Amino acid sequence: KGGVGKTTLCATAALSIAKYLPCSVLVVDCDSQRSITSLLHKRCPRTVREADLPANTPATMYDAVMSFRGRTACHVDCVFPTKDERAPGRVFLLRGHRRTHRLVRKLAEAEHAALQGTRKRGINYTFAMYRTIISTAQACGAAVVVLDLSPSPSSLNRALVMSSDGFVVPVRPTYFSVDSIQDLTENLLGVGTKDDPGWVEEHQRLLGV
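Residues numbered from 1 in each chain as written. Predicted model: local features only at pLDDT ≥ 70, side-chain atom pairs only at ≥ 80, totals over all residues. Heavy atoms only, no water.

## Some words on the overall build of the chain
The helix and strand tally for the chain stands at 8 helices and 5 strands. Moving toward the C terminus, one meets the helices and strands of the chain in the order α-β-α-β-α-β-β-α-α-β-α-α-α. Expressed as a percentage of contacts within the chain between residues at least 6 apart in sequence, the contacts between residues at least 24 apart total 73%. For the chain, the accessible surface area stands at approximately 11900 Å², while carbon and sulfur atoms represent 52% of it. (Helix = DSSP H or I, 4+ residues; strand = E, 2+ residues; numbered from the N terminus. Contact = heavy atoms within 4.5 Å. Areas by Shrake-Rupley, 256 points an atom, 1.4 Å probe, with all protein chains shown as cover.)

## Describing unusual backbone geometry
In this chain, L21 is followed by P22 through a cis amide linkage whose omega measures -15°. Even without being a glycine, R34 presents a positive backbone phi close to 55°. Inspection of the secondary structure assignment puts R34 in the loop between β1 (25-29) and α2 (35-41). Judged by its relative accessible area of 33%, R34 is partly exposed. (Buried < 20%, exposed > 50% of the residue type's maximum accessible area, 1.4 Å probe, protein only.)

## Some details on helix α1 (residues 6-20)
With 15 residues, α1 ought to run about 21 Å at 1.5 Å a step, and its terminal C-alpha atoms sit 21 Å apart, in line with that. Taken together, the buried positions of α1 are K6, T7, C10, A11, A14 and A18. End-on view of α1: buried residues confined to an arc of 135°, all on one side of the axis. In α1, the exposed positions that point more than 90 degrees away from the buried face belong to T8, K19 and Y20. (Expected span 1.5 Å × (residues − 1). Arc of directions from axis to C-beta.)

Take it as geometry only, folks, not as evidence of what the structure does.
Shown next as structure tokens:
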């Protein structure tokens, strides 16, 4: 759901982890609205370009996934701290792309083909996103990754949630907001039928688990 504080929570969590743990954090903008990119770029005076990355290294997850070649790390922006280079905790931003929503359709098509047993050769978009995020985190030395998702239960968000160690759902203190948690639970676990297996079971089927 939009407007409940997802982006604000992601930014606050990333900056707090970096400052108080401390350890470096990679923030990944997974929303075509690019809200967290706009928010954190206000703190960003420069782009950090890793010396061991080629000049044509992609600058967004979308670019990396669409041109995936097995192992791709992206350029990132250092958004915290902006002055003290010796600070142990730093926050890096993997910028969003206005075309990220196109991955929703590609993932949905790939999932449908896999579940129907008609998967074609080509990019495994779920794996490509996962490897891009992990490779980028390793390249910038981030121990924690925070993903800012779009406000929808899309195939893209499903793949990102299932690839994560955990997730947080901010809600407003209203009946309808809290009641929607039940819908999310059913989306994750399903209702126990073949026609509605839920995200977890479907993700396991896609991975052959």
